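Coordinates in review
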Amino acid sequence: MNGSRITAVGHYQPAKVLTNEDLAGIVDTSDEWITSRVGIRTRHIAGPDEPVDELAAYAAAKALAAGGLTPQDIDLVMVATSTAVDRSPNMAARVAARLGIPQPAAMDINVVCAGFTHALATADHAVRAGAATRALVIGADKMCDIVDWSDRTTCVLVGDGAGAAVVEACPPGAEPGIGPVLWGSVPEMGRAVRIEGTPSRFAQEGQSVYRWATTQLPPLARRVCERAGITPEDLDAVVLHQANLRIIEPLAQKLGAVNAVVARDVIESGNTSAASIPLALSKLVERGDISSGDRVLLFGFGGNLSYAGQVVRCP
């Protein structure tokens, strides 16, 4: 089996920007309170006429264009999301219809904030096994639909958006561009992050998540590097789930990735759940902060207290 690689990325965010000052007019909060606790300054918010599959399709179309591909080149579509309103057709099928992708395998993955890295690993496995030739892997969430805008502990955190990657087989004999995945969960702590009820609402036990992420995840991230056959010092970039700057910076420091660019897109995008990693990765590529072939650690964590990570080569 040949390995697989990411050959193109793309992202999309709604036009509307919600600042901390805007939120201070909605709930009892302030710019100082938000930035000191989570590091977020702005977030993008989708309108009622912008469904999740539209966000996903825009990001996917950009990834296809970046790769010089057409919809006919894709035979697997995977969408990581936890904010789909309808159960069927699923988001992947809706994206395929929007883009005109003929007869793809189409599936959604709901691992909340770790969804994209789970979906990327699954696409990698499918390509390696010969079950797919070229896959679109998308993380997309519309968090504004599930947040309680009167709860200052959660509404200040979230944003909407999508990011996408094209995954295809490596040329024969080439080094794999997507490393082995390390994934798992802590089921007994699953209620620390929840999207429950009718209507669905996002809630979390912030201190429990913070302690878990800053103490338990650094050794797991180092194991991801070990599986890729490298040390953290070899990394050129680190793209963690963009949950909270107070989680991202300590985790990157404890990992020991001293030479790496650390994605901090949470500052301008907030927590976009499954979209956060591909969104941040695509922005690093677009700005030229990382170069083709660079080693990048992707590590998703959060919802279900699940995690998944792999080292990839920058397209």
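Coordinates for the structure precede this section.
Now for a description of the structure that goes with this document. (Residues numbered from 1 in each chain as written. Predicted model: local features only at pLDDT ≥ 70, side-chain atom pairs only at ≥ 80, totals over all residues. Heavy atoms only, no water.)

With respect to the packing of aromatic side chains
- Counting across every chain of the model gives 3 aromatic pairs.
- Each ring, one from Phe 299 and one from Phe 301, has its centre 6.4 Å from the other, and the planes form 40°; the classification is tilted.
- Residue class for Phe 301 comes out buried when judged on its relative accessible area of 1%.
- Look at Phe 299 and Tyr 307: their rings are 6.4 Å apart centre to centre, the planes differ by 10°, and that puts the pair in the stacked class. Tyr 307 matches Phe 299 in its accessibility class, with the two residues each being buried. (Phe/Tyr/Trp six-rings, centres within 6.5 Å; stacked < 30°, edge-to-face > 60°. Buried < 20%, exposed > 50% of the residue type's maximum accessible area, 1.4 Å probe, protein only.)

Description of helix α5 (residues 115-128)
- An ideal rise of 1.5 Å per residue puts 20 Å on 14 residues; α5 measures up with 20 Å between its terminal C-alpha atoms.
- Within α5, 11 of the 14 residues are buried, leaving the element largely enclosed by the surrounding structure.
- Of the positions making up α5, those classed as buried are Gly 115, Phe 116, Thr 117, His 118, Ala 119, Leu 120, Ala 121, Ala 123, Asp 124, Ala 126 and Val 127.
- Gly 130 sits one or two positions beyond α5 and adopts a positive phi of about 80°. (Helix = DSSP H or I, 4+ residues; strand = E, 2+ residues; numbered from the N terminus. Expected span 1.5 Å × (residues − 1).)

Some thoughts on the side chain of Thr 272
- Positionally, Thr 272 belongs in the loop between α9 (266-269) and α10 (276-287).
- A distance of 3.1 Å separates a polar atom in the side chain of Thr 272 from the backbone nitrogen of Ser 276.
- Contact partners of Thr 272, with chain neighbours within four places excluded, come to Asp 141, Met 143, Gly 159, Asp 160, Gly 161 and Leu 279. (Polar contact = N/O pair within 3.5 Å; in protein donor to acceptor, adjacent residues only side chain to side chain. Contact = heavy atoms within 4.5 Å.)

A short note on unusual backbone geometry
- Going from Ser 88 to Pro 89, the amide bond is cis rather than trans, its omega being -5°.
- Summarising the element assignment, Pro 89 is placed in the loop between β4 (76-80) and α4 (91-99).
- Cis geometry is found at the peptide bond from Thr 198 to Pro 199, where omega equals -5°.
- Positionally, Pro 199 belongs in the loop between β9 (193-196) and β10 (201-204).
- For Ser 273, which is not glycine, the phi dihedral falls at a positive 55°.
- Mapping Ser 273 onto the fold places it in the loop between α9 and α10.
- The phi torsion at Leu 305 lies on the positive side, around 50°, for a residue other than glycine.
- Of note, Leu 305 is situated in the loop between β13 (295-301) and β14 (306-313).
- Judged by its relative accessible area of 0%, Leu 305 is buried.

A short note on the pattern of salt bridges
- Applying the stated rule across the entire model yields 16 salt bridges.
- Among the salt bridges present, the one from Arg 128 reaches Asp 124, with a minimum N-O distance of 2.9 Å. Note that Arg 128 and Asp 124 are positioned in helix α5 at a spacing of 4 residues, about one turn of the helix.
- Judged by its relative accessible area of 23%, Arg 128 is partly exposed.
- In this structure, Arg 264 engages Glu 249 in a salt bridge whose closest nitrogen and oxygen atoms are separated by 3.0 Å. One end of the pair, Arg 264, is in the loop between β12 (261-262) and α9; the other, Glu 249, is in helix α8 (residues 245-255), with 15 residues separating them in the sequence.
- Taking the relative accessible area as the measure of exposure, Arg 264 reaches 38% and is therefore partly exposed.
- Residue class for Glu 249 comes out partly exposed when judged on its relative accessible area of 35%. (Salt bridge = Lys/Arg side-chain N within 4 Å of Asp/Glu carboxyl O.)

By themselves, these are just geometric observations and shouldn't be taken as functional.
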